[in-house]
Amino acid sequence: MFREMLEQVRQTTPLIHNITNYVTVNDCANILLACGGSPIMADDIGEVEEITSICGGLNINIGTLNQRTIPAMLAAGRKANELGHPVVLDPVGAGASALRTDTALKLLEEVDFSVIRGNISEMKTLALGSGKTKGVDADVADSVTEDTLDQAVAFAKEFSKKTGAVIAITGAIDIVTDAKKAYCIRNGHADMSKITGTGCQLSAMTAAYITANPDHVLEAVAAAVCAMGLCGEKARLRMSGLDGNSSYRNYIIDAVYNLTPEELERGARYEVR
Amino acid sequence: MFREMLEQVRQTTPLIHNITNYVTVNDCANILLACGGSPIMADDIGEVEEITSICGGLNINIGTLNQRTIPAMLAAGRKANELGHPVVLDPVGAGASALRTDTALKLLEEVDFSVIRGNISEMKTLALGSGKTKGVDADVADSVTEDTLDQAVAFAKEFSKKTGAVIAITGAIDIVTDAKKAYCIRNGHADMSKITGTGCQLSAMTAAYITANPDHVLEAVAAAVCAMGLCGEKARLRMSGLDGNSSYRNYIIDAVYNLTPEELERGARYEVR
Amino acid sequence: MFREMLEQVRQTTPLIHNITNYVTVNDCANILLACGGSPIMADDIGEVEEITSICGGLNINIGTLNQRTIPAMLAAGRKANELGHPVVLDPVGAGASALRTDTALKLLEEVDFSVIRGNISEMKTLALGSGKTKGVDADVADSVTEDTLDQAVAFAKEFSKKTGAVIAITGAIDIVTDAKKAYCIRNGHADMSKITGTGCQLSAMTAAYITANPDHVLEAVAAAVCAMGLCGEKARLRMSGLDGNSSYRNYIIDAVYNLTPEELERGARYEVR
């Protein structure tokens, strides 16, 4: 059924409001266009509510967080909730500074997220919470491998139950889950971590997939994660001996541009736990 | 005569001050270098007047507008006017929020622009104006096609008369006009809209063309629009089956880098109305 | 011995905190990954001390300076000094505005830099200093050529003595020197100046090299400068007739990704003065 998820993106051209970091913002815009969506970037408190109102979904990424944009993230998130728009959180670097951790926790308190996408370390930080935000049990390994997969799935389900969001933990094996059903995804290539912002790009694309598929959020997130990983595989095959991470970045976005629903359906490698 | 327009850019290396958005800023810098100009990006109120003074032209783009940079745009614009430097306005997203619409209108009130470049929707927003800024008749279709071209040309000429700026409306057919003469340009490829920032890039390049050709502003803008479209065509031909919007972006900037005055002269497809 | 410098980067994966401009930040992140390091970008005063504490080195670049980030640069720089982390300064555009010149001089007063990397014009501005910051004799030519090389080397050594930093002046010939020993480097290609941000990228990469080689800072900087130039040469050879500055940018980062210690050792072209 991942085929239908992508078809819906292509047919409805979801307009996504992004409040995101300035490092990877151009790649986020281009991958949204590549997958079939349309991007708007706007982060000023004076316009974020209006901008999010004309969009279909919202993507909040704290990668280069600053005190000017934190209130804008909160305002946009609340407005999107009010309008029933799906909202994605990418808690980049949560755990690396109190500002990031506290902001991510505050966003979780004040905004209902449809999806939270990050690596296991960021997710553990959010799950543990702070003094006032009591968290779930985050006593889980620091990387998701075959050995730690069951444990990580249990953690992710519990965190989904607590937040009400679909949880997408990406790494060597990706986990996409709600409180009940978990997709364990084995698409992707290790070299994707040598490109800045593949995670940010996936979060932006995820916002497009869930906006286009409001009745199948879990499946839409899993489809987006498979699509990113599959395109990472296809792009890796395209690399010549002279290519490195810069060309790889371009090839992945190119692959997302050219990905057909049939290829996604055939190429998705996952199991349900 | 477009040949001479490009030759002048290459011979004079116009230095362009850009106050622009953080989404497409890197592509704007690279396309300025590609066409033969030179970029400076500076947006702090504490330095924009000095920076614009050492440049030849100014490019203002409201793509990721924020309250910190609005006063900087106004100050830089006024300074450029005082020095007789040409100024380009790219009213990205005017109409999408009050902040963007009001800021664009305020800029139009306080700064004399040499060129305003946007899509038909942004231009209509500006032409209608606000309560205090009475606008021209913007009862024109929402896209420029063969059927609506005459109407759109009339609208653009009227808006040029009102603002004193050359108006460049880009879309399926591009219109470049002052109050009297309109170039209707049919270069370009529809897939350019699948890349973020081709409009922003064109505005930056336009600033270089008019700075290098101060006595032929209308023709310089038309030449820049033809150059961008022609490079979009050439780059499209270069694409293989694996290429998508990311490689297309690179190929367009590459094509601008390699464009010769003769190719521009031969490849420009326009009529005058 | 440049071979060992690169090997150390690859083996230790230095984490570099960047407070840098929004024009070239994505390329800085990707070149850090390409050379074997790892990037974090963070510029809010509320987190820069914490972020720099978890990193190995700091890279400060004033390319799109603004009043929000100046205090963050100072705070991060002082913290890095306190922790004994190496710090690189890239004084982009010093001399172009009082804000840039004054900020760069203030940074020099309050932070001990391990390396200052810029072009000859920026370096002269810093060396001359302001009223309160008396500078060294900066009566040196405006470009470094065979004719002016001895003079420029003497200037750079004097400036290194004054600041205690390794000085890297990049241009047609690059000079890397402490107060005693100067590497005069002839790697690179003139077309690198047609890409935005090759200087910024080099500064970021330099931070990775010195962080990985704390006991050989002078040699590590020279190795980074040779590596960037050599990759500029290799990437230039890869260019086809259709390629321009955008593909060249990608190819340089790709070349950094693929550069082996042996190639660097063989390809470095320098003499010591």
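Up top is the structure.
Residues numbered from 1 in each chain as written. Chains lettered and ligands numbered in written order. Predicted model: local features only at pLDDT ≥ 70, side-chain atom pairs only at ≥ 80, totals over all residues. Heavy atoms only, no water.

J.: Could you give me a rundown of the overall build of chain A, with the residues and numbers involved?
T.: Within chain A, the regular secondary structure consists of 11 helices and nine strands. For a compact globule of 273 residues, the expected C-alpha radius of gyration is about 19 Å, and chain A comes in at 17 Å, within 12% of that figure. Viewed in the frame of its principal axes, chain A has a C-alpha envelope of about 50 × 45 × 35 Å. Sorting the 273 residues of chain A into buried and exposed places 64% on the buried side. Considering only intrachain contacts with a sequence separation of at least 6, the fraction spanning at least 24 residues in chain A is 72%. Here chain A displays about 9000 Å² of accessible surface, and carbon together with sulfur accounts for 49% of that area. The centroid of the 25 positive side-chain charges in chain A is displaced by 2 Å from the centroid of its 34 negative side-chain charges. (Helix = DSSP H or I, 4+ residues; strand = E, 2+ residues; numbered from the N terminus. Rg over C-alpha atoms; globule rule 2.2 N^0.38 Å. Buried < 20%, exposed > 50% of the residue type's maximum accessible area, 1.4 Å probe, protein only. Contact = heavy atoms within 4.5 Å. Areas by Shrake-Rupley, 256 points an atom, 1.4 Å probe, with all protein chains shown as cover. Lys, Arg positive; Asp, Glu negative; His and termini not counted. Charge placed at Lys NZ, Arg CZ, Asp CG, Glu CD.)

J.: Kindly report on the interface of chain C and chain A, identifying the contributing residues and their values.
T.: Accessible area lost upon the coming together of the parts serves often as the stated size of an interface. Listed as interface residues are 26 residues of chain C and, on the opposing side, 29 residues of chain A. Buried surface at the junction of chain C and chain A, summed over both partners, amounts to about 2300 Å²; 46% is from carbon and sulfur atoms. Here chain C is connected to chain A by two salt bridges. Here arginine 238 of chain C makes a salt bridge to aspartate 243 of chain A, at a shortest N to O gap of 2.3 Å. The interface formed by chain C and chain A contains 20 residue pairs in polar contact (both at pLDDT 80 or more). (Buried area = accessible area lost by both parts, 1.4 Å probe. Salt bridge = Lys/Arg side-chain N within 4 Å of Asp/Glu carboxyl O. Polar contact = N/O pair within 3.5 Å; in protein donor to acceptor, adjacent residues only side chain to side chain.)

J.: Which residues make up the interface of chain B and chain A, and what are the values?
T.: Listed as interface residues are 29 residues of chain B and, on the opposing side, 26 residues of chain A. The tally of links between chain B and chain A comes to two salt bridges. One salt bridge connects glutamate 47 of chain A with arginine 100 of chain B, and the closest N-O pair in it is separated by 2.9 Å. Taken together, the connections running from chain B to chain A amount to 20 residue pairs in polar contact (both at pLDDT 80 or more).

J.: Could you give me a rundown of helix α4 (residues 70-83) of chain C, with the residues and numbers involved?
T.: Residues and elements named next belong to chain C. An ideal rise of 1.5 Å per residue puts 20 Å on 14 residues; α4 measures up with 20 Å between its terminal C-alpha atoms. Where α4 is buried, its residues meet β1 (15-19), α3 (48-54), β3 (57-61), β4 (87-90) and α5 (98-110). In the stretch just after α4, glycine 84 is the one whose phi turns positive, near 75°. (Expected span 1.5 Å × (residues − 1).)

J.: Describe the relation of the copies chain B and chain A, and please don't skip the residues or the numbers.
T.: Look at the two chain copies: a rotation about an axis and a shift along it is all it takes to match them. In the superposition of chain B on chain A (RMSD 0.0 Å, axial shift 0.0 Å), the rotation amounts to 120°. What the rotation and shift describe, once combined, is the action of a three-fold rotation axis. Measuring from the rotation axis to each C-alpha of chain B, the shortest distance belongs to tyrosine 22 of chain B, at 3.6 Å. Take the interface residues of chain B: only 10% of them recur as interface residues in chain A, which is what a contact between different surfaces looks like. (Least-squares fit on C-alpha atoms with pLDDT ≥ 70 in both.)

J.: I'd like a rundown of the relation of the copies chain C and chain A, residues and numbers included.
T.: Least-squares fitting of chain C to chain A yields an RMSD of 0.0 Å, with the transformation described by 0.0 Å of translation along the axis and a rotation of 120°. A share of only 12% of interface residues in chain C that are also interface residues in chain A marks the association as one of differing surfaces.

J.: Give me the side chain of serine 203 of chain C: which residues, what numbers.
T.: Residues and elements named next belong to chain C. For serine 203, the position within the fold is in helix α8 (residues 198-212). At a separation of 2.7 Å, a polar atom in the side chain of serine 203 contacts the side chain of aspartate 90. For serine 203, the contacting residues outside a window of four places in its chain are Asn59, Val88, Asp90 and Arg117.

J.: Residues and numbers for the pairing of strand β2 (residues 38-41) of chain B, please.
T.: Residues and elements named next belong to chain B. In the sheet, strand β1 (residues 15-19) pairs with β2 via four bridges, with the strands oriented parallel. Counted as the bridge partner of isoleucine 16 is proline 39 from β2. Taken together, β1, helix α2 (residues 25-35) and β2 constitute a β-α-β crossover, and its handedness is right-handed. (Pairing = 2+ DSSP bridges. Right-handed = clockwise from strand over helix to strand, strands pointing away.)

J.: Lay out the environment of alanine 165 of chain B in plain terms, naming residues and giving numbers.
T.: Residues and elements named next belong to chain B. Looking at the secondary structure, you find alanine 165 in the loop between α7 (149-163) and β6 (166-169). For alanine 165 and threonine 177, which are 12 residues apart along the polypeptide, the C-alpha to C-alpha distance reads 8.8 Å. Non-local contacts of alanine 165, meaning those with residues more than four positions away in its chain, are made with Phe113, Ser114, Val115, Ile116, Ser160 and Thr177.

J.: Describe the pairing of β4 of chain C, with residues and values.
T.: Residue and element names in this part refer to chain C. The side-chain alternation of β4 yields two buried faces, one formed by Val87 and Leu89 and the other by Val88 and Asp90. Two strands pair when backbone bridges link them, and β3 and β4 are joined in this way by four bridges, in the parallel orientation. By the bridge assignment, asparagine 59 is partnered in β4 with valine 88. The β-α-β motif built from β3, the intervening α4 and the parallel element β4 has right-handed crossover chirality. Both β4 and strand β5 (residues 115-118) contribute to a ladder of two bridges, which runs parallel. Counterpart to leucine 89 in the pairing with β5 is isoleucine 116.

J.: Outline helix α2 (residues 25-35) of chain A, supporting the account with residue identities and numerical values.
T.: Residue and element names in this part refer to chain A. Of all 11 residues in α2, 11 are buried, a share of seventy percent or more. Within α2, the full set of buried residues consists of Val25, Asn26, Asp27, Cys28, Ala29, Asn30, Ile31, Leu32, Leu33, Ala34 and Cys35. The first or second residue beyond α2 is glycine 36, which carries a positive phi of 120°.

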